[in-house]
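Here is what each chain is made of, one letter per residue.
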Amino acid sequence: MKINILNGDFDQKDAIEIITKFIDVKIKFQENKMQNSSNEEDLKMRENRIIKLQKDLYEARETILKKVGKISLQSVIELQ
């Protein structure tokens, strides 16, 4: 099953806002899991995941700001 979450063309500001909100949700999810965990290995994995998400967001913003015109965004959740 596939769930189409996002599919469209956006200006720079809106594309950055959408991506930022998506990544913020993922970061908050990891932070909430960290609060409920005492496993050092799990905490480190989640910390690294947050750092990667922050890096991805920075790179996405930089890429979007270099583009002229509309930005095409697609996001699909695929259940297997």
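Residues numbered from 1 in each chain as written. Predicted model: local features only at pLDDT ≥ 70, side-chain atom pairs only at ≥ 80, totals over all residues. Heavy atoms only, no water.

*Asks:* How should I be thinking about the pattern of salt bridges in this particular structure?
*Replies:* Pairing of side chains with opposite charge becomes possible as their charged atoms draw close. This structure, assessed with the given rule, holds 5 salt bridges. A salt bridge links K52 to D56; the shortest N-O distance between them is 2.9 Å. Highlighted residues: K52 and D56, both in helix α2 (residues 40-66), separated by 4 residues, approximately one helical turn. (Salt bridge = Lys/Arg side-chain N within 4 Å of Asp/Glu carboxyl O. Helix = DSSP H or I, 4+ residues; strand = E, 2+ residues; numbered from the N terminus.)

*Asks:* Help me understand the environment of Q54, please; the structure alone is not making it clear to me.
*Replies:* On the secondary structure map, Q54 appears in helix α2. For the pair Q54 and D42, spaced 12 residues apart in sequence, the C-alpha separation works out to 18 Å.

*Asks:* Before we go on, may I ask you to explain the side chain of T20 in this structure?
*Replies:* Along the chain, T20 falls in helix α1 (residues 12-35). A distance of 2.7 Å separates the side chain of T20 from the backbone oxygen of I16, its partner in a polar contact. Dropping the residues within four chain positions of it, T20 is found in contact with L57 and R61. (Polar contact = N/O pair within 3.5 Å; in protein donor to acceptor, adjacent residues only side chain to side chain. Contact = heavy atoms within 4.5 Å.)

*Asks:* Would you mind going over the nonpolar core with me for this structure?
*Replies:* In a soluble, globular protein the nonpolar side chains are often hidden away together inside. Core analysis: the largest hydrophobic core is formed by 15 residues, its most contacted members being A15, I19, I23, I64 and L73. Among the elements of the structure, β1 (2-10), α1, α2 and β2 (71-78) are those that each provide at least two residues to this core. At 6 residues, α1 tops the list of elements feeding residues into this core. Excluding residues that lie within four positions of it along the chain, L73 makes contacts with L6, N7, G8, F10, A15, I18 and I19. (Core = buried A, V, L, I, M, F, W, Y, C linked by side-chain atoms within 4.5 Å. Buried < 20%, exposed > 50% of the residue type's maximum accessible area, 1.4 Å probe, protein only.)

*Asks:* Would you explain α2 in this entry?
*Replies:* One full turn of an α-helix is made of 3.6 residues, so residues set three or four places apart face in the same direction. Here α2 is 27 residues long and its end C-alpha atoms lie 39 Å apart, about the 39 Å a rise of 1.5 Å per residue gives. Within α2, burial applies to D42, L43, R46, I50, L53, L57 and I64. Elements in contact with the buried residues of α2: α1 and β2. Where α2 begins, the side chain of N39 points an oxygen toward the backbone nitrogen of E41, at a separation of 2.8 Å. (Expected span 1.5 Å × (residues − 1).)

Note that all results are geometric; they support no functional claim without further evidence.
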